[in-house]
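The lines below spell out each chain.
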Amino acid sequence: MNAPTTTVETHRLQRTTRQAEVVQALQKVLPAHALLWHNEDTVPYECDGLTAYRERPLVVALPETEEQVAAVLKTCHALSVPVVARGAGTGLSGGAMPHAMGVTLALAKFNRIVRIDPRARTALVQAGVRNLAISEAASPHGLYYAPDPSSQIACTIGGNVAENSGGVHCLKYGLTLHNVLQVRGFTVEGEAITFGAEALDTPGLDLLSLVVGSEGMLAVITEVTVKLVPKPQLARCIMASFDDVRKAGDAVASVIAEGIIPAGLEMMDKPMTAAVEDFVHAGYDLNAEAILLCESDGTPEEVEEEIGRMSAVLRRCGATAIAVSRDEAERLRFWSGRKNAFPASGRISPDYMCMDSTIPRKRLADILLAIAEMEKKYGLRCANVFHAGDGNLHPLILFDANDADQLHRCELFGADILETSVAMGGTVTGEHGVGVEKLNSMCVQFSTEENAQMFAVKRAFDTNGLLNPGKVIPTLQRCAEYGKMLVRGGRLSHPELPRF
């Protein structure tokens, strides 16, 4: 008599059968080298920058033309196979984590800059073009692409659009949304679709702001038209030290209140400063409790006047030391630490989880002090770096993913930061997206009715929920279960948050 089949064996058999079916179908529309399904070939795609969560895709498709993208989507739609679009995999919220029974649609081969138009100050690029490559291509024309995520050397414009990425200069020049004119791609059925236009206005409903930041749930992006801006004649950076995080936080609010919009306004706390200084030797003050980087750009006259005004505000707010970059090399050195905050953290901890919430600028010191208490509560270290000018936090919780208890405490720590941010009047994400990481916290920020409305938008584009399913919008059941867990754990302590 045969032994009963276990659940694991049943799942393995179902996966193998489904995989064979999908591979056979996709082999009809893709060349052999553009299709991966053996374990050793799909391992590199099992996660994005959020390495704590991993899943092996059923199949990886690597199309080279828009016709192939459309064919893959049509095939998957006919078979009811989930599809997860992927760029460079630098995302930090698990937005590109594969579906176990789905196809990962990797757009790495869409890496062509189609056109630079210096007169219109636009660039037409494919989705797989690196962020920094756009500025490099536009540089001979005295132009550049303003949004500059810290991962800009590797991240792709398609991923930037999906997450509505920002960067250190987003305070003055805006997020991805403010620098994109048009997005082209395909619906889940493989139908070509265009959002926005190269003109100043578009006929009908303008859905561009809907697809920017939609995290791959509404369409697969293949081509983007971005705005280019003139390179400033001069840029200089102030590095200001503070002996108290509240003074530094108040200084950020004071600079903005003065009517100054710096090109960049960033903040690092003492643990982060120590980590990056040991890595890049930027010349940071290791005795400071917090450091602010304040940049001004424009004409030499504009920069001189703005640097003077910002320096006066910073001194008035209690800066213990102020240094102003004397040349371009020193400016880049000041920024090198901020730009390398993530790799520097990787040198001092086996793993880190980078959170991404926003708060009102006036609450910067409050959240830092709250995070310091959470370090004691969860027994984990946290280094903080901020897009301080727009209140976008990036706390990096340091842990060891090989220790299940540390991972669990890290998850609780991260959720506490996000929910405290909401209680302070902020949001659970600024630019990294929700992905799988912040699903539970979405239950705290948004009501059942609000989540239902977001699902309605999703269904309008993707009736069967095949594009990047199980991410971004939490289900009613998930929120109910999370609410019960918070109540049992006594963690629902913020009076500003909804009761479940």
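Above: the structure in question.
The following refers to the structure shown. Quantities reported herein were computed from a predicted structural model and do not represent experimental measurements.

1. Comments concerning the overall build of the protein
- Each helix and strand in the protein was counted, giving 17 helices and 18 strands.
- On C-alpha atoms alone, the protein measures out to a radius of gyration of 23 Å, which is about the 23 Å that the 2.2 N^0.38 rule sets for 500 residues.
- By principal-axis analysis of the C-alpha atoms, the protein measures approximately 80 × 60 × 40 Å.
- Within the protein, the fraction of its 500 residues that count as buried is 54%.
- Expressed as a percentage of contacts within the protein between residues at least 6 apart in sequence, the contacts between residues at least 24 apart total 72%.
- Total accessible area on the protein stands at roughly 21,300 Å², and carbon and sulfur atoms take up 53% of it.

2. Quick notes on unusual backbone geometry
- Phi at S80 takes a positive value of approximately 55°, unusual for a residue other than glycine.
- Position of S80 relative to the elements: it lies in the loop between α3 (66-79) and β3 (83-86).
- Note on S80: relative accessible area 46%, which makes it partly exposed.
- In this structure, H281 is a non-glycine residue whose phi angle is positive, near 55°.
- Summarising the element assignment, H281 is placed in the loop between α9 (270-280) and β14 (290-298).
- On the accessibility criterion, H281 (55% relative accessible area) is exposed.

3. Regarding the environment of L175
- Topologically, L175 is positioned in the loop between α6 (170-173) and β8 (180-186).
- Its relative accessible area of 21% is what places L175 among the partly exposed residues.
- Through-space distance from the C-alpha of L175 to that of L234 is 22 Å; in sequence the pair is 59 residues apart.
- In contact with L175, other than residues within four places in its own chain, are P147, N164, S165, G166 and C170.

4. Some thoughts on the side chain of R18
- In this fold, R18 is placed in helix α1 (residues 7-26).
- Overall, the relative accessible area of 19% leaves R18 in the buried class.
- Separated by 3.5 Å, the side chain of R18 and the backbone oxygen of S80 make a polar contact.
- Not counting chain neighbours up to four residues away, the residues in contact with R18 comprise L58, L79, S80, V81 and M101.

5. As for the sheet that holds β14
- Spatially, the 7 strands line up as an open sheet ordered β15-β12-β14-β13-β17-β18-β16, and their pairing is antiparallel. Where the open sheet ends on each side, the last strands, each with one partner, are β15 (321-324) and β16 (351-354). Recorded for the sheet is a direction-independent mean angle of 15° between the axes of neighbouring strands.
- Examined bridge by bridge, strand β17 (residues 381-387) and strand β18 (residues 392-399) share 7 bridges and lie antiparallel to one another. Paired with C382 across the bridge in β18 is I397.
- The strands touched by helix α11 (residues 328-339) within the sheet are β12 (234-242), β13 (264-269), β14, β15, β17 and β18, with β12 carrying the most contacts at an inclination of about 50°.
- Relative to the sheet, helix α13 (residues 364-378) contacts β13, β17 and β18, its axis offset from that of β17 by approximately 165°.

6. Structural notes on the sheet that holds strand β4 (residues 103-106)
- The strand order across the open sheet built from 4 strands is β1-β2-β4-β3, with neighbouring strands paired in mixed fashion. Two strands bound the open sheet, and with one partner strand each, they are β1 (35-36) and β3.
- The sheet contact formed by β3 and β4 spans 4 bridges and is parallel. Bridge assignment links V84 to a residue of β4, and that residue is T104.
- Docked against the sheet, α1 engages β1, β2 (59-61) and β4, running at close to 20° with respect to β2.
- Sitting on the sheet, α3 touches β2, β3 and β4, and the angle it makes with β4 is about 170°.

7. So, the packing of aromatic side chains
- Tallied over the full model, the rule gives 4 aromatic pairs.
- Considering the side-chain rings of F195 and F461, the 6.2 Å spacing of their centres and the 35° angle between planes classify their relative orientation as tilted. Of the two residues, F195 sits in strand β9 (residues 192-196) while F461 sits in helix α16 (residues 448-461), which places them 266 residues apart along the sequence.
- For F195, a relative accessible area of 3% gives the class buried.
- Ring centres of F342 and Y352 lie 6.1 Å apart, and the angle between their planes is 45°; this geometry places the pair in the tilted category. Placement of F342 in helix α12 (residues 341-348) and of Y352 in strand β16 is noted, with a sequence separation of 10 residues between them.
- Residue class for F342 comes out buried when judged on its relative accessible area of 16%.
- Residue classification places Y352 among the partly exposed residues on the basis of a relative accessible area of 25%.

8. As for the packing of α13 against helix α14 (residues 404-423)
- Put simply, α13 and α14 touch, their axes get as near as 10 Å, and they point 155° apart. Of the possible angle classes, the one that applies to α13 and α14 is roughly antiparallel. In this structure, the crossing between α13 and α14 has a hand that is right-handed. For the pair α13 and α14, the contacting residues are I367, A370, I371, M374, E375, K377 and Y378 in the first and R409, L412, F413, D416, I417, T420 and S421 in the second.
- Classifying every residue of the contact of α13 with α14 gives 8 nonpolar, 2 polar and 4 charged.

9. Some thoughts on the state of the cysteines
- The tally for this structure, following the rule as stated, stands at 1 disulfide.
- Free cysteine C170: the closest other cysteine sulfur is in C155, separated by 13 Å.
- A residue is classified by how much of its surface remains accessible, and C170, at 8% relative accessible area, is buried.

10. Points about the pattern of salt bridges
- Tallied over the entire structure, the rule returns 27 salt bridges.
- With a closest N to O distance of 3.3 Å, E66 and R184 form a salt bridge. Separated by 118 residues along the polypeptide, E66 in helix α3 and R184 in strand β8 bring together distant segments of the chain.
- Take R184: its relative accessible area is 25%, and that puts it in the partly exposed class.

About the cut-offs
- Residues numbered from 1 in each chain as written.
- Predicted model: local features only at pLDDT ≥ 70, side-chain atom pairs only at ≥ 80, totals over all residues.
- Heavy atoms only, no water.
- Helix = DSSP H or I, 4+ residues; strand = E, 2+ residues; numbered from the N terminus.
- Rg over C-alpha atoms; globule rule 2.2 N^0.38 Å.
- Buried < 20%, exposed > 50% of the residue type's maximum accessible area, 1.4 Å probe, protein only.
- Contact = heavy atoms within 4.5 Å.
- Areas by Shrake-Rupley, 256 points an atom, 1.4 Å probe, with all protein chains shown as cover.
- Polar contact = N/O pair within 3.5 Å; in protein donor to acceptor, adjacent residues only side chain to side chain.
- Pairing = 2+ DSSP bridges.
- Axes fitted to C-alpha atoms, helices over the stretch in contact; angles between N-to-C directions.
- Phe/Tyr/Trp six-rings, centres within 6.5 Å; stacked < 30°, edge-to-face > 60°.
- Parallel < 35°, antiparallel > 145°, perpendicular 65-115°, else oblique.
- Left-handed = near helix turned anticlockwise from the far one by under 90°.
- Nonpolar A, V, L, I, M, F, W, Y, C, P; charged D, E, K, R; others polar.
- Disulfide = S-S within 2.5 Å.
- Salt bridge = Lys/Arg side-chain N within 4 Å of Asp/Glu carboxyl O.

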